[in-house]
Amino acid sequence: DSGVTQTPKHLITATGQRVTLRCSPRSGDLSVYWYQQSLDQGLQFLIQYYNGEERAKGNILERFSAQQFPDLHSELNLSSLELGDSALYFCASSVNPTGTGETQYFGAGTRLSVL
Amino acid sequence: GESVGLHLPTLSVQEGDNSIINCAYSNSASDYFIWYKQESGKGPQFIIDIRSNMDKRQGQRVTVLLNKTVKHLSLQIAATQPGDSAVYFCAESLLNTPLVFGKGTRLSVIA
């Protein structure tokens, strides 16, 4: 168990809908990262938050947004969903803000299916 | 730009043999490298990492080798076991930039 908690584990929805994925980082970790993993693909970095502030942005669509709350949990909001958004979404956390030179610990992921 | 790639998408090894998983990276300035293991239905799990000021680092049954001259990273697993069957990802990073992951190599252990 990595200590990173993601909910829900599975999510099935329809095109055009909006969903929210939740992540609780490991105790003491201030940085949260979101990744998207499509079938048999590597992990694509979406966005990083550190202590409530956006720290880095990757290949995140404008339809997607995220935030980190004062209790350090984070939510990833996906709107106007398309079939191609079906993927595994992972959250990771680490202690420091840079996200480099240190280990990121991953949650078990949320599997999103858009029908 | 930064990119990380893997030479082989799949690797099959006999139980008890050693496994070598390779990774090429393109950014010679990357200063941190990490290997993750992902089992089916689970999130990536940290295996071992190495900084650019090192050539080799050993863990329990695993060794990571870094060859900066040819920008190559490898993961060696000694005495491969069925529980090692998974997809292995390498990732690189450069100061102040997020990790960049490769597409992964699927390791299958034949009993």
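Numbering of residues begins from 1 in every chain and follows the order in which that chain's sequence is written. Each chain is given a letter, starting from A, and each ligand a number, starting from 1, according to the order in which they appear as written. A pLDDT threshold of at least 70 governs which residues receive local features in this predicted model, and a stricter bar of 80 or more applies before side-chain atom pairs are shown or counted, although totals over entire chains, interfaces and linings include all residues. Excluded from the side-chain calculation are hydrogens and water; included are all heavy atoms of the structure.

Asker: Would you explain the pattern of salt bridges in this entry?
Answerer: It is possible for side chains of opposite charge to pair when their charged atoms get near one another. By convention in these notes, a salt bridge is any Lys or Arg side-chain nitrogen within 4 Å of a carboxyl oxygen on Asp or Glu. Scanning the entire structure with this criterion turns up seven salt bridges over all chains. Put simply, D85 of chain A and R63 of chain A hold a salt bridge, and the shortest N to O gap is 2.8 Å. Here the residue D85 of chain A occupies a position in the loop between strand 8 (74-78) and strand 9 (87-94), and R63 of chain A occupies one in the loop between strand 6 (53-57) and strand 7 (64-68), the gap between them amounting to 22 residues. Across this residue pair, the class does not change: D85 of chain A and R63 of chain A are buried. For R57 of chain B, the salt bridge is made with D49 of chain B, and the minimal N-O distance between the two is 2.2 Å. Type-normalised accessible area, obtained with a 1.4 Å probe on protein chains alone, sets the label of each residue: buried when under 20%, exposed when over 50%, and partly exposed for intermediate values. Under the relative-accessibility criterion, R57 of chain B is labelled partly exposed at 35%. The class of D49 of chain B is buried, set by a relative accessible area of 10%. A network of salt bridges, in which partner residues are shared, links R63, E82 and D85 of chain A. Comment: elements are numbered from the N terminus, with helices defined as DSSP H or I runs of at least four residues and strands as E runs of at least two.

Asker: I would appreciate a short explanation of the nonpolar core in the present structure.
Answerer: Across soluble globular proteins, nonpolar side chains show a tendency to be buried alongside one another. In this description, a nonpolar core means a group of buried Ala, Val, Leu, Ile, Met, Phe, Trp, Tyr and Cys residues linked to one another through side-chain atoms lying within 4.5 Å. One finds L21, W34, L76, L78, Y89 and L112 of chain A to be the most contacted residues of the largest nonpolar core, which totals 21 residues. Note on contacts: a residue pair qualifies if any of its non-hydrogen atoms lie within 4.5 Å across the two residues. Setting aside residues up to four positions removed in sequence, L78 of chain A forms contacts with Q17, R18, V19, L21, R63, F64, Y89 and L112 of chain A. Ranked by size, the runner-up nonpolar core spans 20 residues in total, among them V13, C23, L75 and L107 of chain B.

Asker: In this structure, what is going on with the sheet that holds strand 7 of chain A? I would like to understand it.
Answerer: Working definition: the strands of a sheet are paired by backbone hydrogen bonds and lie parallel or antiparallel to each other. Residues and elements named next belong to chain A. Taken in spatial order, the four strands of this open sheet run 1-3-8-7, and their pairing is antiparallel. For this open sheet the edge positions go to strand 1 (5-7) and strand 7, each flanked by a neighbour on one side alone. Across the sheet, the axes of successive neighbouring strands diverge by a mean angle of 15°, strand direction being ignored. Strand pairing is assigned whenever DSSP detects at least two bridges linking the two strands. Relative to strand 8, strand 3 (residues 19-24) is paired through five bridges, and the arrangement is antiparallel. Directly across from L21, in strand 8, lies its bridge partner L76. Every axis corresponds to a line fitted to the C-alpha atoms, with the helix fit spanning only the stretch in contact, and the corresponding angles, defined between N-to-C directions, vary from 0 to 180 degrees.

Asker: It is not clear to me how the interface of chain A and chain B should be interpreted in this structure. Could you clarify?
Answerer: Accessible area lost when the parts come together is the quantity often used to give the size of an interface. Residue-level contacts link 19 residues of chain A with 23 residues of chain B. Two parts placed together each lose some accessible area; with a 1.4 Å probe, that loss summed over both constitutes the buried area. For the pair chain A and chain B, the summed buried surface comes to about 1600 Å²; carbon and sulfur atoms form 55% of the total. Connecting chain A to chain B are zero salt bridges. Any N or O atom pair separated by 3.5 Å or less is treated as a polar contact, with the protein-specific requirement of one donor-capable and one acceptor-capable atom, and with residues adjacent in sequence counted only for side-chain atom pairs. Taken together, the links from chain A to chain B amount to two residue pairs in polar contact (both at pLDDT 80 or more).

Asker: Is there a simple way to explain the pairing of strand 9 of chain A in this structure?
Answerer: The side chains of a regular strand alternate between the sheet's two faces. Residue and element names in this part refer to chain A. Of all eight residues in strand 9, eight are buried; the element is thus mostly enclosed. Here strand 9 shows two buried faces, one formed by A87, Y89, C91 and S93 and the other by L88, F90, A92 and S94. As judged from the seven bridges shared by strand 4 (residues 31-37) and strand 9, these two strands associate in the antiparallel manner. Looking at strand 9, one finds that Q37 is bridged to L88. Where strand 9 and strand 11 (residues 110-114) come together, three bridges link them in antiparallel fashion. Each residue of the ladder has a partner; that of L88, found in strand 11, is R111. One ladder, built from two bridges, connects strand 9 with strand 10 (residues 105-106); its direction is antiparallel. Within strand 10, the residue paired with A92 across the bridge is F106.

By themselves, these observations are geometric and do not establish any function.
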